[in-house]
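Structure assessment
Below, each chain spelled out in residue letters.
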Amino acid sequence: MYVSAVRERCKVMYKDFMAGREYAKFIEAEYQLAVSELGDKVRIMADAQTKGILINISGTNAVFIEGTVQNGFVASSHDGTEEIQCTFESKYEIAWNHLAPRFMTKIAEEVRREP
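Residues numbered from 1 in each chain as written. Predicted model: local features only at pLDDT ≥ 70, side-chain atom pairs only at ≥ 80, totals over all residues. Heavy atoms only, no water.

Moving on to the packing of aromatic side chains. Taken as a whole and judged by the stated rule, the model has 7 aromatic pairs. Between Y23 and F26 the ring centres are 6.2 Å apart and the planes differ by 35°, which places this aromatic pair in the tilted class. Remark: F26 and Y23 occur in helix α2 (residues 22–38); sequence separation between them is 3 residues, near one turn of the helix. Here the aromatic cluster, defined as three or more aromatic residues joined through ring pairs, consists of Y14, F17, Y23, F26, F88 and Y92. (Phe/Tyr/Trp six-rings, centres within 6.5 Å; stacked < 30°, edge-to-face > 60°. Helix = DSSP H or I, 4+ residues; strand = E, 2+ residues; numbered from the N terminus.)

Here's what the structure looks like:
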């Protein structure tokens, strides 16, 4: 119960982050990381907001493909053999695996106090 509440709270916070100016900088940095790993001819699936940011990045050689991605983008190599995800779900999973053991008690106490 508390774990799902924490996840939902984090998702709301991520969506708030997406609405801010820093999100564009974050996406540009994540895109540059993807290009450095996959090469400059990547295929991208993205939500509408993130796609708009990616299109405006100087020097983008990405090919945008149809697909359903929420809260970020998925980049794949030109031949489709490698993939990098930059979505709420992927970032949450990474953060959860690294940070949850240290902070779970504190987060659960905060969630319990909420109405």
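With 22 residues, the main nonpolar core has I27, Y31, I44, L54 and F73 as its most contacted residues. Sorting the residues of this core by element identifies α1 (2–18), α2, β1 (43–46), α3 (48–55), β3 (72–76) and α4 (88–113) as the ones contributing at least two each. For this core, the leading source of residues is α2, giving 6 residues. For F73, the contacting residues outside a window of four places in its chain are I27, E30, Y31, I44, M45, A46, T50, L54, I84, Q85, C86 and T87. (Core = buried A, V, L, I, M, F, W, Y, C linked by side-chain atoms within 4.5 Å. Buried < 20%, exposed > 50% of the residue type's maximum accessible area, 1.4 Å probe, protein only. Contact = heavy atoms within 4.5 Å.)

Turning our eyes to something else, we now look at the pairing of strand β4 (residues 83–87). Sheet topology places β3 next to β4; 5 bridges connect them, and they run antiparallel. By the bridge assignment for β4, S76 is matched with E83. Between β3 and β4, which pair antiparallel and follow one another directly, the connecting turn spans 6 residues, one of which, G80, has a positive phi of 80°. (Pairing = 2+ DSSP bridges.)

Here we take up the pairing of β3. Regular strands place their side chains on alternate faces of the sheet. Counting buried residues in β3 gives 5 out of 5 residues, a clear majority hidden from the surface. Alternating residues of β3 divide into G72, V74 and S76 and F73 and A75, and every residue in both groups is buried. Two elements, β1 and β3, share 4 bridges in a ladder whose sense is antiparallel. For A46, the partnering residue across the bridge sits in β3 and is F73.

Here the focus is the sheet that holds β1. The strand order across the open sheet formed by 4 strands is β2-β1-β3-β4, and the pairing between neighbours is mixed. Two strands bound the open sheet, and with one partner strand each, they are β2 (63–64) and β4. Each of β1, β3 and β4 touches α2; the most contacted strand, β3, lies at about 10° to it. Against the sheet, α3 contacts β1, β2 and β3, and its axis sits at roughly 140° relative to β1. (Axes fitted to C-alpha atoms, helices over the stretch in contact; angles between N-to-C directions.)

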